[in-house]
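Residue strings, one per chain:
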Number of protein chains: 2
Amino acid sequence: MDSQQTVDQILKDHVPEELLKKVNKVIYGAEIEKLEIPHYDDPNKCEVAGWKIGGAHQEQLRKPRLVRVGLIQNSIVVPTDQPIDAQREAIYKKIAAYIDHAAKCKVNIVCLQEAWTMPFAFCTREKYPWLELAEPADETGWSTEKLCALAKQHKMVIISPILERDPIGDKIWNTAVVIGSEGQILGKHRKNHIPRVGDFNESTYYMEGDTGHPVFNTEFGKIAVNICYGRHHPLNWLMFGLNGAEIVFNPSATVGQLSEPLWGIEARNAAIANSYYTCAINRVGTERFPNEFTSGDGKPAHHDFGHFYGSSYVAAPDGSRTRGLNRHMDGLLVAELDLNLCRQTKDLWGFTMTQRLKMYAEGLTRASQEDFKQQIV
Amino acid sequence: MDSQQTVDQILKDHVPEELLKKVNKVIYGAEIEKLEIPHYDDPNKCEVAGWKIGGAHQEQLRKPRLVRVGLIQNSIVVPTDQPIDAQREAIYKKIAAYIDHAAKCKVNIVCLQEAWTMPFAFCTREKYPWLELAEPADETGWSTEKLCALAKQHKMVIISPILERDPIGDKIWNTAVVIGSEGQILGKHRKNHIPRVGDFNESTYYMEGDTGHPVFNTEFGKIAVNICYGRHHPLNWLMFGLNGAEIVFNPSATVGQLSEPLWGIEARNAAIANSYYTCAINRVGTERFPNEFTSGDGKPAHHDFGHFYGSSYVAAPDGSRTRGLNRHMDGLLVAELDLNLCRQTKDLWGFTMTQRLKMYAEGLTRASQEDFKQQIV
């Protein structure tokens, strides 16, 4: 799908209103209200969408636990053959403006896209200049220092997915730094599952993460980060749930030819299966690299990775979801969530109660042993 | 959505053809060809849809492994206040005709809906007359005897989900009997996860299954059965995959108010995550019971469970899926699959290779212990 139009726009243009409601109920679940938020100065530069996710009922003993999340998707700014400090500086400048607008929208937790400081250069398999952009995941990191200041200024939690360089041993990781609303670093999570598909040559650059499945207990709720390819792994989503997550962010970078029909399914299924909110974020635009590269598909060498299709969205425990952001434009999606819906959905559907964890712990233990015998009749 | 029209029909009626292709690609994945199959004698009685799922490439060392599956969704026939032998006999008569037509469509494996011999009477919490319909899951069972004969006649594998009575101890189970193409019983699987939601009072009638996650190695491929509510549990799907399943059937009974927005997500996500085919089957129609019952939602007593919305479909490892059968009518969905796509998808996407099973076996073992401490930062 290379049209500039989203599926939503096409449906809105052609399907009569009453029927569209029925279609949307099946496609998107319960209707989600718009949230009134300030316009962005230049709407041609960044789409801003606000959603107020419903579904939670008013409890007698607990107050609503409203929180606003902000999802930022963006293209790169400066061509990839320019000096890398100019490239990351230009991205930062526009991201900072979007975060500033998120603050105006009263966002409590903002999450950026995967490896936001750079083009998604892993398709090239070139170590330089790209590995120069890897930085420590602490206050000494180029981007973390800046975002800690923004987090403090806006009293906002910021999830910042970067390319990490561990100074001890110069190990490279794909990492999300979680920054608290006082500008302090709460911790980090390293991507658990690394792809080997298409031009996602990431296994050339870094290994599977060693940070487990941390849940960060912020003042705005318990949050976790499932980075990109980890969304294909239900076990990864599950462990964040078992550790108590109420919102799991999925900062990603993925292209249309490969994954677009999967995009609306996986993070949404995770929200349903684990009774938490999920926030799927994809970068946007086509990134062209100076040197040609091949894709292991017998086709001629080329300079770009394909189109990152944006389409970031939020899914709720009850299976409803927001519309996606644009496929071709930067965007900020603001969603107001009531975290009480997580426990309410567990009470209603009972997925955690009926999950028979011990049986599966034993099953997976057997299945992960070398002498595993499949249960075949 | 109480319209008689499916989402597909609405879109087809209103969205211009070129744009519809784009919409369908995002909603349904890669385009799926129609499969030429014989018409049913009375198309007003039973919708028959044929699909030829593509995506597999021709290998050099393996031939295509084509198999045709048949999914049957149906309403009950005789009112629920009539004698129960008349009720089940009437259902059987029409099911047998559909199976006969499936044979004309060259179907190799047919799967019926959950508890197909009866109305889905668990909403009433009345033990009688409904438990009289429970039967042993062997050749002495009323339905199994009949279906073994049909399986032999049509040289077809039949999956028959019934209410099982285990004569030893008179235990009741929700069970799928798997019958081989020579009319022999290959084995059975008992539903692993029992709902406690809405009018699904099944936990009043039977307990969680004790048959593990068997995969049946038939001449038409390795198949398994994930019964109804088990589709909400990614671990259940996963274990069938670890045991080698290539097709997992999900015979179900679920109503529109509760689950319709989840229906297209869960079985399809399972196909993606586990690189196998999934076949989701839901019963169809509204079943009215003689005595009124309440639903634990503060609303007045009533006589029906709500609308079973059919919409049965097949999803492929690459994330593509067929259109759903009708929401209001009996249906037979025939799909031709190439089982080679399972391994090809594993090779392409690498989800099994990158799954880090040992880490999760350890994680689930910890999480299922009483002194489990969540990984909270």
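Residues numbered from 1 in each chain as written. Chains lettered and ligands numbered in written order. Predicted model: local features only at pLDDT ≥ 70, side-chain atom pairs only at ≥ 80, totals over all residues. Heavy atoms only, no water.

**Re unusual backbone geometry**
A negative phi angle is the norm for most residues apart from glycine, just as the trans form is the norm for most peptide bonds.
Residues and elements named next belong to chain A.
1) Next: In this structure, Pro 129 follows Tyr 128 across a cis peptide bond, with omega equal to 10 degrees.
2) Next: With respect to the helices, strands and loops of the structure, Pro 129 is situated in the loop between β4 (109–111) and α4 (142–154).
3) Next: One non-glycine residue, Cys 228, lies in the positive phi region at around 40 degrees.
4) Next: Secondary-structure assignment places Cys 228 in the loop between β9 (221–225) and α5 (234–242).
5) Next: Note on Cys 228: relative accessible area 4%, which makes it buried. (Helix = DSSP H or I, 4+ residues; strand = E, 2+ residues; numbered from the N terminus. Buried < 20%, exposed > 50% of the residue type's maximum accessible area, 1.4 Å probe, protein only.)

**Brief notes about the UniProt feature "domain: CN hydrolase" (unreviewed entry) in chain A**
1) Next: UniProt marks residues 67–339 of chain A with the feature "domain: CN hydrolase" (unreviewed entry), using the numbering shown here.
2) Next: Taken end to end, residues 67–339 of chain A is 23% helix and 31% strand, and its first and last C-alpha atoms sit 7 Å apart. (UniProt positions renumbered as here; feature names shortened; annotations may be inferred.)

**Concerning the packing of aromatic side chains**
1) Next: Summed over all chains, the structure comprises 36 aromatic pairs over all chains.
2) Next: Here the aromatic rings of Phe 122 of chain A and Tyr 205 of chain A are separated by 4.9 Å at their centres, their planes lie at 70 degrees, and the arrangement is edge-to-face. Taken together, the residues Phe 122 of chain A in the loop between β4 and α4 and Tyr 205 of chain A in the loop between β7 (185–190) and β8 (216–218) connect sequence positions 83 residues apart. Residue Phe 122 of chain A shares its accessibility class with Tyr 205 of chain A, and that shared class is buried.
3) Next: Pairing Trp 130 of chain B with Phe 289 of chain B gives two aromatic rings, centres 5.8 Å apart and planes at 90 degrees, and the pair type is edge-to-face. With a gap of 159 residues between them, Trp 130 of chain B in the loop between β4 (109–111) and α4 (142–154) and Phe 289 of chain B in strand β12 (residues 284–293) connect regions that are remote in the sequence.
4) Next: By way of ring pairs, the aromatic residues Phe 120, Phe 122, Phe 200, Tyr 205, Tyr 206, Phe 305 and Phe 308 of chain A are connected into one cluster.
5) Next: In this structure, Lys 127 of chain B is placed above the aromatic ring of Tyr 205 of chain B, and the distance from its NZ or CZ to the ring centre is 5.9 Å.
6) Next: Directly above the ring of Tyr 92 of chain B sits Lys 146 of chain B, whose terminal nitrogen or CZ lies 5.2 Å from the centroid. (Phe/Tyr/Trp six-rings, centres within 6.5 Å; stacked < 30°, edge-to-face > 60°. Lys NZ or Arg CZ within 6 Å of the ring centre and 35° of its normal.)

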